[in-house]
Amino acid sequence: MLDPASLIVLHTAMMWSCAVAFLLIQRVETGWGFPGHWPLAFGVMPMVMLIGGYAEQSNSDGLRLLGFALGFIGPALLADGVRLFLRLPARPRRWLVGFSLFSLGIIAFTLITPNLLGRVLVFQAFTAGIGVYGLILSRRLSPDDHPLGRRFIGTFGFAPVLAIAVHLGQLLVGAGPPDSGDMTFLVLAATAIGMIAAIGCVILVAERFAAQVGREARSDVLTGLATRRVFDRALDRALQDYAQAGQPVSVILFDIDHFKSINDTHGHDMGDIALRGVADCARSIVRPSDILARLGGDEFAILLPETQLADATEIARRVLERLRGLALSGAGETIRLSGSFGVACAETGLETPQSLVKRADVALYEVKRRGRNGVEAQRFGVQPAPA
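**Describing helix H6 (residues 116-138)**
Counted at 1.5 Å a residue, the expected span for H6 with its 23 residues is 33 Å, and the 33 Å between its end C-alpha atoms agrees. By the N-cap criterion, in which a side-chain oxygen at the helix start approaches the backbone nitrogen of a residue two or three places on, H6 is capped by Asn115, the distance to Leu117 being 2.9 Å.

What follows is the structure, encoded as structure tokens:
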């Protein structure tokens, strides 16, 4: 079995390898939020054992204090990196108070009452505090974006709390001061915790990247609305619910009147401003449970679960009214918009996504036939009539 000194060297090499890897990742990643705290933390964390082990051999109080000071800084950087990853405000006063209290404990068990067990317990108490801080931070992680990372940090934060509880329990039943075997266990435990922490950091960044890619796939880049694929899937699920539970489902299709002339006359930049303006108008009217999507070009759709035809028609009218009052400016020009809206509601359990969208589309083109700038609602099996 390796002796503690050899294990400390191995532990240091592994932590520094993580630091180098994280530094390289930070240099090449773009927008994933990889904090610079993390490579620095893994560079500093093993110093408590590397310097502390040499301090015990040379019986140097100065090195003991330096080792533990760096040992405090490493986990603190790791935890504060999570805070930075979450873009939460810094709390320097709390850190200062914490460092001061634990530093006094280390100084007391080094210079006033020299005791290795006391220093170990103070350090474990500090890491337990970091663990509690991690538990608090884990609650700020989005469960949708970080399903694994949220649980991982919560579990990891609980580990040092459990470790000091076990150690205190051993002391209460009469266990003596740490010997060589205990120190071997502490080094192995520190190595395992360090590697788990590294995996946790990678999980957080990977989940954020995956969530970002997923949002980009689900959202239109220009307007931030749902894509056609998201709309189609949501409509299919809503009609399945309708067939099973009889919950009404309505669809609104609409587009910008004379959008091509806006691009031709004012340029595509103004056309983009118009698309974003329409998206904002509709977004301000729909409910959180509704799905607002850009189908392509200037074509938009709203899926309204649990909404009857009359209510869906009223929502379409409100969006149109908001749209008519919109004045968009760009490049020294101001334009006003109008839109054409077609509304349909699922009125039979045999309704399909294609048939429902088709009826809304027919109603939309009826508005255009009449001259645009209006709303048309169509019932199942009934010819279009002005809404």
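Let's pick the thread back up.
**A word on the nonpolar core**
Among the nonpolar cores identified, the biggest contains 35 residues, and Ile252, Phe254, Ile256, Leu337, Phe341 and Val343 are the most heavily contacted of them. With sequence-adjacent residues up to four places away left out, Phe341 is seen in contact with Ile252, Leu253, Phe254, Ala316, Val319, Leu320, Ala363, Leu364, Val367, Gly374, Val375 and Glu376. In terms of nonpolar packing, the next biggest core, distinct from the first, is built from 23 residues, Phe22, Phe34, Leu141 and Val205 among them.

**A short note on the pattern of salt bridges**
One pass over the full model with this rule turns up 11 salt bridges. Glu366 is the partner of Arg370 in a salt bridge, and the nearest nitrogen-oxygen pair spans 3.9 Å. Its salt-bridge partner being Glu376, residue Arg370 comes within 2.5 Å of it at the nearest N-O pair. Under the relative-accessibility criterion, Glu376 is labelled buried at 0%. One connected set of salt bridges, linked through shared partners, spans Glu366, Arg369, Arg370 and Glu376.

**Some remarks on the packing of helix H5 (residues 92-112) against H6**
Two numbers describe how H5 lies on H6: the axes approach to 8 Å, and their chain directions differ by 165 degrees. Looking at the two axes, H5 sits roughly antiparallel to H6. Crossing angle aside, the handedness with which H5 passes H6 is right-handed. Contacts between H5 and H6 pair Trp95, Phe99, Phe102, Gly105, Ile106, Phe109 and Thr110 from the former with Gly118, Arg119, Val122, Ala125, Phe126, Ile130 and Tyr133 from the latter. Residues of the contact of H5 with H6, tallied by class, amount to 10 nonpolar, three polar and one charged.

Parameters at a glance
- Residues numbered from 1 in each chain as written.
- Predicted model: local features only at pLDDT ≥ 70, side-chain atom pairs only at ≥ 80, totals over all residues.
- Heavy atoms only, no water.
- Helix = DSSP H or I, 4+ residues; strand = E, 2+ residues; numbered from the N terminus.
- Expected span 1.5 Å × (residues − 1).
- Polar contact = N/O pair within 3.5 Å; in protein donor to acceptor, adjacent residues only side chain to side chain.
- Core = buried A, V, L, I, M, F, W, Y, C linked by side-chain atoms within 4.5 Å.
- Buried < 20%, exposed > 50% of the residue type's maximum accessible area, 1.4 Å probe, protein only.
- Contact = heavy atoms within 4.5 Å.
- Salt bridge = Lys/Arg side-chain N within 4 Å of Asp/Glu carboxyl O.
- Axes fitted to C-alpha atoms, helices over the stretch in contact; angles between N-to-C directions.
- Parallel < 35°, antiparallel > 145°, perpendicular 65-115°, else oblique.
- Left-handed = near helix turned anticlockwise from the far one by under 90°.
- Nonpolar A, V, L, I, M, F, W, Y, C, P; charged D, E, K, R; others polar.

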